[in-house]
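# Observations on the model geometry
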Amino acid sequence: MTVKKIIPGLTQIMLTIPRGGFESFINAWLIKDEKRGRTVLIETGPASSVPKLLDDLIALGAGRIDYLVYTHVHMDHSGGAGQFIVSHPETKVIAPMRGRRHLVDPSRLIEGSRATLGDICDAYGMPQPLSEDALVPEDFELNGLEIIETPGHSPHHNSYIYDLDGARILFAGEVGGCCTEISGGGFFIRPATPHKFYYDTAISSLDKMLALSDIDLICYPHTGCSHKWRELLQAAKEQMTLWKEIISEQPKDVSVEEAVKAVMIKDPRMKLMDMLPEAEKSREKFFIRQSVNGYLGYIRSLENS
């Protein structure tokens, strides 16, 4: 099943990526706001997910998509922007200002992603340029949508709160890492810390999220949603702090593999990874290595400053 109704007016669409372990790794969120007479889509996923996403939207009877919202401009979140707008030219795109140039000209995004992700980029597909005319102006405001700058995972990351008929829904992007509910209870969480990672900035953004009130639901692009928003964000903060402590304790010349091993031993939440299907475990091992490498880059930059 790729579509799941969460609350009235909110639907989770699990985006299909042609690679083992990625079949339910990325979500789009469809908001049908009947009172305001608008339809909002939170992210498209990568280019390869757009054809099935378009079919799902038709099956849902979504009709006109008034706004397309991106938390940040990475291939797995916004790589499908250009392709989507070809099919929905009426849609206006809301995205962080600093990341918009990579929507209009995705060449540097593709180059950087290829260097970091390797052949995963082939599964994501190549972004098409987005016309600047599709983007809302810098001073744009939308009633019911609150934009919060939350850099960390990306220097141009936004989180959003949407008020849907009184329910305050937090679309947190990757400010609180990636969060997967485990069958039988509990959550597997890991940091989403890229190579150019700034720990203090990321923690500040998490603190900004934890200072919120009256949130009813948190929705993650990776991979679900929960009413336990504060508990999960607090757990993400504690984990980010723990990883910093673990990796800082390692020898200066520690390899990525050795640092990963230390994290896997000393972070109790990593044990929950054993409960994931084998293909998803393989995916997570890759991204855990990426996240540890981000911490190593940050710690070594402090040592060299």
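My aim in this report is to walk through the structure given alongside it, one point at a time. (Residues numbered from 1 in each chain as written. Predicted model: local features only at pLDDT ≥ 70, side-chain atom pairs only at ≥ 80, totals over all residues. Heavy atoms only, no water.)

### Regarding the nonpolar core
Using the following cut-off: Throughout this description, the term nonpolar core refers to a set of buried Ala, Val, Leu, Ile, Met, Phe, Trp, Tyr and Cys residues connected via side-chain atoms within 4.5 Å. Each residue is placed in one exposure class: buried if its accessible area under a 1.4 Å probe, protein chains only, is under 20% of its type's maximum, exposed if it is over 50%, and partly exposed if it falls in between. Here a helix means four or more residues in a row that DSSP labels H or I, a strand means two or more in a row labelled E, and each is numbered from the N terminus. Only heavy atoms enter the contact rule, under which two residues are in contact if any of them lie within 4.5 Å.
Counting 45 residues, the largest nonpolar core has Leu 170, Leu 212, Ile 218, Leu 233, Met 240, Ile 288 and Val 292 as the members making the most contacts within it. Those elements that provide at least two residues to this core are strand S11 (187–190), helix H7 (199–210), helix H8 (229–248), helix H9 (256–266) and helix H10 (278–303). Looking at which element gives the most residues to this core, the answer is H8, with nine residues. Leu 233 has contacts with Leu 170, Gly 176, Leu 206, Met 209, Leu 210, Ile 218 and Tyr 220, leaving out every residue within four places of it along the chain.

### Section: a positive patch on the surface
Filter applied, for reference: Only residues whose relative accessible area exceeds 30% and that form no salt bridge are eligible for patches; like-charged ones are grouped when within 9 Å, while nonpolar side chains (Val, Leu, Ile, Met, Phe, Trp, Tyr) are grouped when within 5 Å. The Shrake-Rupley method, run with a 1.4 Å probe, gives the accessible areas here. Residue values count only the displayed protein chains as cover. Whenever a carboxyl oxygen of Asp or Glu lies within 4 Å of a side-chain nitrogen of Lys or Arg, that contact is scored as a salt bridge. Charged-residue counts in this description rest on Lys and Arg as positive and Asp and Glu as negative, His and the chain ends being excluded. Every charge is mapped onto a representative atom, which is NZ of Lys, CZ of Arg, CG of Asp or CD of Glu.
Taken together, Arg 98, Arg 101, Arg 108 and Lys 196 make up a surface patch of like positive charges. With respect to the helices and strands, the residue Arg 101 is situated in helix H4 (residues 100–104).

### Quick look at the pairing of strand S2 (residues 10–15)
Spelled out, the test is: For two strands to be treated as a pair, DSSP must find no fewer than two bridges joining them.
S2 sits mainly inside the fold: six of its six residues count as buried. One ladder, built from four bridges, connects strand S1 (residues 3–7) with S2; its direction is antiparallel. Bridging across to S2, Ile 7 finds its partner in Leu 10. Connecting the antiparallel pair S1 and S2 is a turn made up of two residues, with Gly 9 showing a positive phi of about 95 degrees. Judged from the six bridges that link them, S2 and strand S3 (residues 26–33) form a sheet pairing that is antiparallel. From the neighbouring strand, Gln 12 faces S3, where its bridge partner is Trp 29.

### Remarks on the state of the cysteines
Working definition of a disulfide: a covalent bond connecting the sulfur atoms of two cysteines. Note the cut-off: Two cysteine sulfurs form what is called a disulfide whenever their separation falls within 2.5 Å.
Evaluated as defined, the whole model comprises zero disulfides. No disulfide involves Cys 225; its nearest neighbouring cysteine sulfur is the one of Cys 219, lying 5.0 Å away.

### Brief notes about unusual backbone geometry
Here the residue pair His 222 and Thr 223 is connected by a cis peptide bond, since its omega of 10 degrees sits within 30 degrees of zero. The topology assignment puts Thr 223 in the loop between strand S12 (217–219) and strand S13 (225–226). Although it is not a glycine, Asp 165 adopts a positive phi angle of roughly 55 degrees. Mapped onto the secondary structure, Asp 165 falls in the loop between strand S8 (158–164) and strand S9 (167–171).

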